[in-house]
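Reading the structure
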Protein chains: 2
Amino acid sequence: MRRDGKLSRVLHILLHMAEHKGPVTSEVLAKMQHTNPVVVRQIMAGLRNQGYVQSVKGHSGGWTLVCDLSRITLSDIYTALGSPSILAIGNRTEAPGCLVEQTVNTALGQVFSEVEELLLSRLGSVTLDMLSKDLHARLVARGASHNHQQSSHAC
Amino acid sequence: MRRDGKLSRVLHILLHMAEHKGPVTSEVLAKMQHTNPVVVRQIMAGLRNQGYVQSVKGHSGGWTLVCDLSRITLSDIYTALGSPSILAIGNRTEAPGCLVEQTVNTALGQVFSEVEELLLSRLGSVTLDMLSKDLHARLVARGASHNHQQSSHAC
DNA sequence: TCCTCATGTAACTTACAATATTACATGAAA
DNA sequence: TTTCATGTAATATTGTAAGTTACATGAGGA
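Residues numbered from 1 in each chain as written. Chains lettered and ligands numbered in written order. Predicted model: local features only at pLDDT ≥ 70, side-chain atom pairs only at ≥ 80, totals over all residues. Heavy atoms only, no water.

With that settled, consider the protein's contact with DNA strand D. Taken together, 29 residues sit near DNA strand D, with M1, R2, S26, R41 and R48 of chain B positioned nearest. Here DNA strand D approaches the protein such that, of its atoms within 4 Å, sugar and phosphate make up 67%. At 2.9 Å from a phosphate oxygen of DNA strand D is found a side-chain nitrogen or oxygen belonging to R9 of chain A. Measuring from a phosphate oxygen of DNA strand D, one finds a side-chain N or O atom of S55 of chain B at 2.8 Å. Where the surface near DNA strand D is concerned, the elements lending two or more residues are α1 (6-19) and α3 (37-49) of chain A together with α3 (37-49), β1 (53-56) and β2 (62-65) of chain B. Here the surface near DNA strand D is composed, by residue class, of six nonpolar, 12 polar and 11 charged. (Near = heavy atom within 4 Å. Polar contact = N/O pair within 3.5 Å; in protein donor to acceptor, adjacent residues only side chain to side chain. Helix = DSSP H or I, 4+ residues; strand = E, 2+ residues; numbered from the N terminus. Nonpolar A, V, L, I, M, F, W, Y, C, P; charged D, E, K, R; others polar.)

So, about the confidence of the model for chain A. When pLDDT is averaged along chain A, the result is 91; 92% of the residues meet or exceed 70. Residue range residues 146-152 of chain A is modelled with pLDDT below 50. Its contacts to residues more than four positions away, or to other chains, number seven contacts. (pLDDT = per-residue confidence, 0-100. Contact = heavy atoms within 4.5 Å.)

The next subject is the pattern of salt bridges. Pairs can form between side chains of opposite charge whenever their charged atoms are close. Taken as a whole and judged by the stated rule, the model has 12 salt bridges over all chains. One salt bridge connects K133 of chain A with D129 of chain A, and the closest N-O pair in it is separated by 2.7 Å. Here K133 of chain A pairs with D129 of chain A, and both are found in helix α6 (residues 128-141), just four residues apart, close to one helical turn. A salt bridge links E27 of chain B to K31 of chain B; the nearest nitrogen and oxygen atoms lie 3.5 Å apart. Linking E27 of chain B with K31 of chain B, this pair stays in helix α2 (residues 26-33), spanning four residues, or about one helical turn. (Salt bridge = Lys/Arg side-chain N within 4 Å of Asp/Glu carboxyl O.)

Attention shifts here to the relation of the copies chain A and chain B. The relation between the two copies of this chain is a rotation about an axis and a shift parallel to it. Overlaying chain A with chain B gives an RMSD of 0.2 Å, the required rotation being 179° about an axis along which the chain moves by 0.0 Å. One copy is carried onto the other by what is essentially a two-fold rotation axis. In this assembly, 98% of the residues forming the interface of chain A have copies in chain B that are likewise at the interface, indicating an isologous arrangement. (Least-squares fit on C-alpha atoms with pLDDT ≥ 70 in both.)

Counting from both sides, the interface comprises 53 residues of chain A and, opposite them, 52 residues of chain B. In total, chain A and chain B occlude about 5,200 Å² of area from one another, counting both sides; carbon and sulfur atoms represent 68% of this. Summed over the three residues of chain A that lose the most area to chain B, namely R3, I89 and L99 of chain A, the buried surface amounts to 13% of that side. In this structure, E114 of chain A and R122 of chain B form a salt bridge, with 3.0 Å as the shortest nitrogen-oxygen distance. In this structure, the connection of chain A to chain B is made through 19 residue pairs in polar contact (both at pLDDT 80 or more). Listing elements by their share of the side of chain A that touches chain B, those giving two or more residues are α1, α5 (99-124) and α6 of chain A. Here the element with the most residues in the side of chain A that touches chain B is α5 of chain A; it accounts for 19 residues. Residue classes in the side of chain A that touches chain B are distributed as 26 nonpolar, 14 polar and 13 charged. (Buried area = accessible area lost by both parts, 1.4 Å probe.)

Residues and elements named next belong to chain B. Look at α3: 18 Å from first C-alpha to last across 13 residues, which is about the 18 Å you get at 1.5 Å a residue. Taking the largest bend as the criterion, α3 deviates by roughly 30°, centred on I43. Taken together, the buried positions of α3 are V40, I43, M44, A45, G46 and L47. Where α3 is buried, its residues touch α1 (6-19), α2, β1, β2 and α4 (74-80). Where α3 begins, one side-chain oxygen reaches toward the backbone nitrogen of V38, 3.0 Å away; that side chain belongs to N36. Within two residues after α3, G51 carries a phi angle of roughly 80°, on the positive side. (Expected span 1.5 Å × (residues − 1). Bend = angle between axes of the 7 residues up to and from the residue. Buried < 20%, exposed > 50% of the residue type's maximum accessible area, 1.4 Å probe, protein only.)

See the structure below:
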């Protein structure tokens with residue numbers, strides 16, 4: 001099954017923006033992800049609507065972070081992306097009136113809800129700030145203590 | 001993303017078989033699920049390999065349960081199906097050397113593992129027997145206390 | 001003013017995995 | 001020996017994420 005990579009992708013983008021002074025264009029972000037600028041804009045649209053980032057058109061335009069990283073959790077981001085489906089397995093509903101199907105779907109449905117709840121709660125316990133601090137620790141560990149302008153995560 | 005419905009499907013099949021004396025053909029099971037007999041055989045192959053069901057060819061052949069329902073959990077079934085992917089969201093690996101990507105993937109990876117662990121543990125806590133008892137409770141609740149031969153879950 | 005840069009978005013194409021179908025082989029019972 | 005049923009490979013269909021194209025909008029700069 002094909003897995004939705006939007007969350008992973010947008011976090012990569014946000015961390016990059018946090019390291020960068022000034023706006024970043026969709027084209028730069030797209031190159032970083034080996035994808036298309038339009039895909040970047042589509043993903044970022046949700047974050048813009050929530051006010052987490054800002055986009056500016058024209059010369060020296062692009063995307064800028066406009067939020068406090070310590071106040072945004074991964075579940076906020078997940079929600080801004082439109083809460084894509086979490087589970088790759090699900091219930092069939094071929095015979096809605098069938099008691100057997102109802103039995104199965106109720107049992108599985110309870111398990112699935114519990115799992116989704118855990119996922120959201122775990123995502124809610126991680127802030128972007130925590131990820132950013134983790135990134136800096138990795139940069140130091142790699143010995144990449146140059147200034148950020150020509151930082152070592154060109155990707 | 002398209003969700004894998006094998007687990008839901010195979011549980012429906014197993015509960016049906018539990019209600020039925022004697023072998024059931026793939027064709028009957030397929031009609032019940034509004035699908036194709038070949039799909040049923042493919043799904044059931046995994047269960048047969050684990051010894052949970054038996055298949056017999058030719059006249060009055062078909063599928064039979066050959067296990068104690070109280071000793072088989074939903075996670076056993078899930079495993080017999082080949083442990084299909086659980087999560088619909090995942091990490092991208094466009095830039096494996098990138099520290100940003102490593103940071104993001106590590107954080108998400110931990111969450112994902114925890115979630116998968118919970119799912120397997122919850123599936124492991126439900127036996128087929130429990131589902132079967134639940135089904136009977138529903139049959140009684142509907143007032144379908146006729147004999148099982150012409151039971152009300154024709155689907 | 002006009003040109004260039006950048007986003008905004010709809011429409012369309014591609015890629016891929018789950019499901020469905022076809023075709024034919026195998027083997028058991030009537 | 002005919003019929004019924006499974007076993008399985010090969011192929012087709014379908015649903016969805018991702019990628020692409022095309023064009024509109026709007027903000028500087030020459």
